[in-house]
Amino acid sequence: MKQLIWIAACLLLAGCSRPAAESQLLFEDAWVRAMPPGSMMTAGFGRLVNNSNVDLEITAYTSPQFADVSLHRTVLEDGMSRMKEVPTLMIPVGSEIELAPGGYHLMFMQPIEKQGDVLLLHVDVDGGGRFSFELPLERR
Ligand SMILES: [Cu+2]
């Protein structure tokens, strides 16, 4: 039954081209830092888990609430902390990638509409699948 609901939600949201059983991506413990008034960007964290039976390569992130969403990684270069965009992210079968302060993180930039309590995030994977997540905005 859970599977059926997932498929229905998936079709409703974006028209996935693959059945749910073939490609399942989870976003565990996901949260987005609540934005102070006037702020133009924020960051999201959690664990992206490949629960499917194929490797998943993430190729795009979008949200109806932001004009620009991308994956960044904070790296140390010459003792300086810098953020670099990560255009694609491969998550092998059965593995997970942690997004945490100081490492990988989602950057949400150029807010389009009022944020409320929840952000909608679409994650596109190579081959045409799309996964959608609702991420809570939290003050941490
Ligand atoms: Cu960043």
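We now turn to the structure provided with this report. Sequence order as written defines residue numbering, which begins from 1 separately in each chain. Local features in this predicted model are restricted to residues whose pLDDT is 70 or higher, and side-chain atom pairs enter the listing and the counts only when it is 80 or higher, whereas totals over whole chains, interfaces and linings include all residues.

**Considering the overall build of the protein chain**
Now for step 1: Of regular secondary structure, the protein chain possesses one helix and 10 strands.
Now for step 2: Along the protein chain, helices and strands appear, N-terminal first, in the series α-β-β-β-β-β-β-β-β-β-β.
Now for step 3: Intrachain contacts of the protein chain at a sequence separation of at least 6 include 66% that bridge at least 24 residues. Under the DSSP-based scheme used, a helix requires at least four consecutive residues in state H or I and a strand at least two consecutive residues in state E, with every element numbered from the N terminus. We call two residues in contact if the C-beta atoms placed from their backbones are at most 7 Å apart.

**Points about the pairing of strand β1 (residues 25-33)**
Now for step 1: Criterion used throughout: strands pair if DSSP finds at least two bridges between them. With six bridges connecting them, β1 and strand β2 (residues 41-50) associate as antiparallel partners. What sits directly across from Leu 25, in β2, is Asn 50.
Now for step 2: The pairing of β1 with strand β10 (residues 130-138) spans two bridges and is classified as parallel. Paired with Arg 33 across the two strands is Glu 138, which belongs to β10.

**With respect to the nonpolar core**
Now for step 1: Core membership is restricted to buried Ala, Val, Leu, Ile, Met, Phe, Trp, Tyr and Cys residues, and these are joined into a nonpolar core through C-beta atoms within 7 Å. With C-beta atoms placed from the backbone, a residue is buried if 20 or more other C-beta atoms are within 10 Å of its own, exposed if 12 or fewer are, and partly exposed between those counts. The biggest cluster of nonpolar side chains holds 18 residues, and the ones touching the most others in it are Leu 106, Phe 108, Leu 119 and Val 123.
Now for step 2: Among the secondary structure elements, those contributing two or more residues to this core are β1, β2, β3 (56-62), β4 (66-77), β8 (104-111), β9 (118-125) and β10.
Now for step 3: Looking at this core, the element that brings in the most residues is β9, giving four residues.
Now for step 4: Look past the residues within four positions of Leu 106 in its chain and what remains in contact with it is Ala 43, Gly 44, Tyr 61, Val 69, Leu 71 and Leu 99.

**Examining the environment of Arg 140**
Now for step 1: Here Arg 140 lies in the segment after β10.
Now for step 2: Arg 140 sits in the exposed class, given 8 other C-beta atoms within 10 Å.
Now for step 3: Each C-alpha atom of the pair Arg 140 and Trp 31 lies 9.7 Å from the other, and the pair is 109 residues apart in sequence.

**Here we look at the environment of Ser 63**
Now for step 1: Tracing the chain through its elements places Ser 63 in the loop between β3 and β4.
Now for step 2: Given 22 C-beta atoms within a 10 Å radius, Ser 63 is considered buried.
Now for step 3: Sequence separation between Ser 63 and Leu 119 is 56 residues; the distance between their C-alpha atoms is 7.5 Å.
Now for step 4: Once residues lying within four places of it in the same chain are set aside, the contact partners of Ser 63 are Val 69, Phe 108, Leu 119, Leu 120, Leu 121 and His 122.

**Let's talk about the pairing of β3**
Now for step 1: For β3 and strand β6 (residues 89-91), the ladder comprises three bridges, and the chain directions are antiparallel. If you follow Leu 56 over to β6, its bridge partner there is Ile 91.
Now for step 2: Pairing analysis gives four bridges linking β3 to β9, with the strands arranged antiparallel. Bridge pairing in β9 places Tyr 61 opposite Val 123.

**Notes on unusual backbone geometry**
Now for step 1: The backbone of Asp 29 shows a phi angle near 50°, a positive value even though the residue is not glycine.
Now for step 2: As for its position among the elements, Asp 29 is in strand β1.
Now for step 3: Asp 29 gets classed as exposed once you count the C-beta atoms within 10 Å, which come to 12.
Now for step 4: Even without being a glycine, Gln 110 presents a positive backbone phi close to 60°.
Now for step 5: Take Gln 110: it is sitting in strand β8.
Now for step 6: Since 11 C-beta atoms lie within 10 Å of it, Gln 110 is described here as exposed.

None of the figures reported here should be taken as evidence of function without further support.
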